[in-house]
Amino acid sequence: EKGPEHYRWKNDSQLAVALGRIESAMKELDHAIEYRGQNSAKFFNSGDKAGVGDLMRIKQKLEDIHSDWNKSTEYYGM
């Protein structure tokens, strides 16, 4: 039988990986937003521009998750 420390360690390891992926996704979104912003007129032949609003909203959601990470992932009993 493994003690609580093992399960907490495993949980913390999994959460650290997930947090790292969220942070990576935010960085990649920064690059995507910058690229689209710089090249938005080149996406279409009609003179339209590709917007970045939805990408910025996705990034904001990830930032909200990131800022609340510790509170949202703390242990609690049921």
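Bear in mind that the values here come from a model prediction, so they are computed numbers and not experimental data.

By the element assignment, Val52 lies in the loop between helix 1 (4-39) and helix 2 (53-67). Setting aside residues no more than four positions away along its own chain, Val52 makes contact with Ile33, Arg36 and Gly37.

Before going further, it helps to spend a moment on the packing of aromatic side chains. Enumeration according to the criterion identifies 0 aromatic pairs in this entry. The residue whose ring lies beneath Arg8 is Tyr75, and the NZ or CZ to ring-centre distance is 5.4 Å.

Right, let's get into the side chain of Ser40. Looking at the secondary structure, you find Ser40 in the loop between helix 1 and helix 2. A residue is classified by how much of its surface remains accessible, and Ser40, at 10% relative accessible area, is buried. Excluding residues that lie within four positions of it along the chain, Ser40 makes contacts with Asp48, Lys49 and Ala50.

What counts, and where the lines are drawn
The residue numbers shown here count from 1 along each chain, following its written sequence. Where local features are concerned, this predicted model is filtered to residues with pLDDT of at least 70; where side-chain atom pairs are given and counted, the filter is 80 or more; whole-chain, interface and lining totals use all residues. As a rule here, side-chain values come from all non-hydrogen atoms in the structure, and water together with hydrogens is ignored. Put simply, DSSP H or I for four residues or longer makes a helix, DSSP E for two residues or longer makes a strand, and each gets a number counted from the N terminus. Pairs of residues are marked as contacts when any of their non-hydrogen atoms sit within 4.5 Å. Aromatic pairs are defined between Phe, Tyr and Trp rings, using the six-membered ring for Trp, whenever the two ring centres lie within 6.5 Å; interplanar angles under 30 degrees are classed as stacked, those over 60 as edge-to-face, and all others as tilted. For a lysine, the NZ atom is tested; for an arginine, the CZ atom; a charge sits over a ring if that atom is within 6 Å of the ring centre and within 35 degrees of the ring normal. We call a residue buried when its accessible area falls under 20% of the maximum for its residue type, exposed when it is over 50%, and partly exposed in between, using a 1.4 Å probe and counting protein chains only.

Keep in mind that these numbers describe shape and distance, not what the molecule does.
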